[in-house]
Amino acid sequence: MLKQIKGLHHVTSLASSASENNAFFTNVLGLRRVKKTVNFDAPDVYHLYYGDEVGTPGSVMTYFPFANAARGKRGVGEVGVTSFSIPKESAAAWMDRLATFEVAKITRDTRFGEARVLFDGPDGERFALVEVDDNRAPWTGNGVSADMGIRGFQGADMRIVDDGATAELLKFMGYEKFGAQDNVTRFIIPDGNAANVIDLETLSGVPRATSSAGSVHHIAFAVENRARQLEVREALLDTGYQVTPVINRDYFYAIYFRTPAGVLFEIATNEPGFDRDEDTAHLGEALKLPSQHEHLRAQLERHLEPLS
Ligand code: ZN
């Protein structure tokens, strides 16, 4: 069993409008945009990152907005709910806030004894705000007060047909079974970062998901540095997973592999971080391009939708 993985690093999803996406995550959820760059593999598309003050691993929600993309179809073989951590006793205030912004499909429930507020993002993606004890500092620069601000991710909920193989993979990655409720089995990394929960939701008779706007593209798990990442890569290869070479994403190093249930997993390093090329005070303001795409800057600045 691996010990290098600490929990989530980031979650990356697809959107249909950069400006709507930006407005939702900053103005409604109160996160900070910590990086405005492009999809390194398709530089005419933004890659937008939202998180806490510095984009601490475990807090970073990221998007590829493809203008006017059709909505994906929810199903099995994908992450169905991305969960953020909020302070105890703040669910009611979030219900009010989300209603004020006319957010779709707001509901409440309790899972494993924790109060949750569930709602749809702008492309129908499902989120939960979960009341947990969490001492991570929230970003308060967008008008959401510290007593309700999002602390980062709690975790993610994978929708699968049969949890056997995925559960084995999670255990291999360092997760331990925490408990079960209805058709959901919870796994956590003891001594992980605070974004250390994965729920496996087993469904039958549900079609496979179709990936497009509102779909989670991949979830990334955090390791401290490149040495730990190489250890994880070796171990996954030894177990028979097809793993990509290490790819430099400027703000972290990434490797990718697909799970038995069809979900794309990434292992990302905590180094070097989102402040490597911008002052903390101005994170996310300027369009940052990787060196291989810097020659496209004039064209991209004309083509990409302006964001406030
Ligand atoms: Zn990623």
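Relevant structure appears above.
The residue numbering used here restarts from 1 in each chain and proceeds along that chain's sequence as written. pLDDT decides what is reported in this predicted model: residues at 70 or higher carry local features, side-chain atom pairs at 80 or more are listed and counted, and totals for whole chains, interfaces and linings draw on all residues regardless. Excluded from the side-chain calculations are hydrogens and water; all other atoms, namely the structure's heavy atoms, are used.

Draft legend 1. Structural detail: helix α4 (residues 226-238). Here α4 is 13 residues long and its end C-alpha atoms lie 18 Å apart, about the 18 Å a rise of 1.5 Å per residue gives. Exposure is judged per residue with a 1.4 Å probe applied to protein chains only, and the accessible area is read against the type maximum: over 50% gives exposed, under 20% gives buried, and values in between give partly exposed. Secondary structure elements follow DSSP: runs of H or I no shorter than four residues count as helices, runs of E no shorter than two count as strands, and numbering proceeds from the N terminus. Among the residues making up α4, those that are buried are Q229, V232, R233, A235 and L236. Here the buried residues of α4 occupy an arc of 165° about the axis, which is enough to place them on one side. Here a polar contact means two N or O atoms within 3.5 Å. Within protein one must be a hydrogen donor candidate and the other an acceptor candidate, and residues neighboring in sequence count only if both atoms are side-chain atoms. Regarding α4, its N-cap is N225, as a side-chain oxygen of that residue lies 3.1 Å from the backbone nitrogen of A227 further along. The positive-phi residue at the C-terminal boundary of α4 is G240, with phi of around 105°. To estimate the expected span of a helix, count its residues, drop one, and scale the result by 1.5 Å. Note: the arc covers the axis-to-C-beta directions of the helix.

Draft legend 2. Molecular detail of the coordination of the zinc ion. The protein atoms that coordinate the zinc ion are H10 (NE2), H218 (NE2) and E266 (OE), at distances spanning 1.9 to 2.0 Å. Each metal's donors comprise the N, O and S atoms found within 2.8 Å of it (within 3.2 Å for Na, K or Ca). Water is not part of the atom list, so some coordination spheres may appear incomplete. Here the donor residues for the zinc ion map to a single chain with the spacing H-x207-H-x47-E. In this pair, H10 sits in strand β1 (residues 8-15) while E266 sits in strand β16 (residues 264-272), placing the two residues 256 residues apart along the sequence. Classification of H10 by relative accessible area gives buried; the value is 1%.

Draft legend 3. Highlighting the pattern of salt bridges. Only one rule defines a salt bridge in this text: a Lys or Arg side-chain nitrogen within 4 Å of an Asp or Glu carboxyl oxygen. Inspection of the entire model under this criterion finds 18 salt bridges. In this structure, R111 and D157 form a salt bridge, with 2.8 Å as the shortest nitrogen-oxygen distance. Within this pair, whereas R111 is found in strand β6 (residues 107-111), its partner D157 is found in strand β9 (residues 152-160), the two being separated by 46 residues in sequence. A single burial state applies to R111 and to D157, both of which are buried. Residues R136 and D134 are paired through a salt bridge, measuring 2.7 Å at the closest nitrogen-oxygen approach. The exposure classification of R136 matches that of D134, with both residues buried. Three or more residues are tied together by salt bridges with common partners; here these are R111, E114, D157, R186 and D199.

Draft legend 4. Here's a closer look at the sheet that holds strand β12 (residues 197-202). Think of it this way: DSSP has to see at least two bridges between two strands before they count as a pair. With respect to topology, 8 strands assemble into an open sheet ordered β6-β7-β8-β5-β9-β12-β11-β10, the strand pairing being mixed. In this open sheet, the two edge strands, each paired with only one partner strand, are β6 and β10 (176-181). Taking the axes of each pair of neighbouring strands and ignoring which way they run, one obtains an average angle of 25° across the sheet. By definition, residues are in contact when any of their heavy atoms lie within 4.5 Å. Every axis in this analysis is a line fitted to C-alpha atoms, fitted for helices over the stretch in contact. Angles between the N-to-C directions lie between 0 and 180 degrees. Strand contacts of helix α3 (residues 163-173): β9, β11 (184-188) and β12, with the helix running at about 170° to β12, the strand carrying the most contacts.

Draft legend 5. Seen up close, helix α2 (residues 91-100). The set of residues buried in α2 consists of A91, W94, R97 and L98. Along the long axis of α2, the arc covered by the buried residues comes to 120°, so they all point the same way. Counted as exposed and oriented over 90 degrees from the buried face of α2: D96 and T100. As for α2, its buried residues are in contact with α1 (18-28), β5 (78-86), β6, β7 (114-120) and β8 (126-131). Directly beyond the C-terminal end of α2, a positive phi value near 55° is found at E102.

Draft legend 6. The arrangement of the environment of N135 in detail. By secondary structure assignment, the location of N135 is in the loop between β8 and β9. Residue N135 is classed as exposed on the basis of its relative accessible area, which comes to 79%. C-alpha separation for the pair N135 and I150, spaced 15 residues apart in sequence, amounts to 11 Å.

Draft legend 7. Structural context of the pairing of strand β4 (residues 60-65). Taking burial as the measure, the 6 residues of β4 include 6 buried ones, the bulk of the element. Burial of β4 is two-sided: the residues V60, T62 and F64 facing one way and the residues M61, Y63 and P65 facing the other way are all buried. Sheet analysis places β1 next to β4, joined by 6 bridges and oriented parallel. Across the sheet, V11 pairs through a bridge with M61, a residue of β4. One ladder, built from 3 bridges, connects strand β3 (residues 42-51) with β4; its direction is antiparallel.

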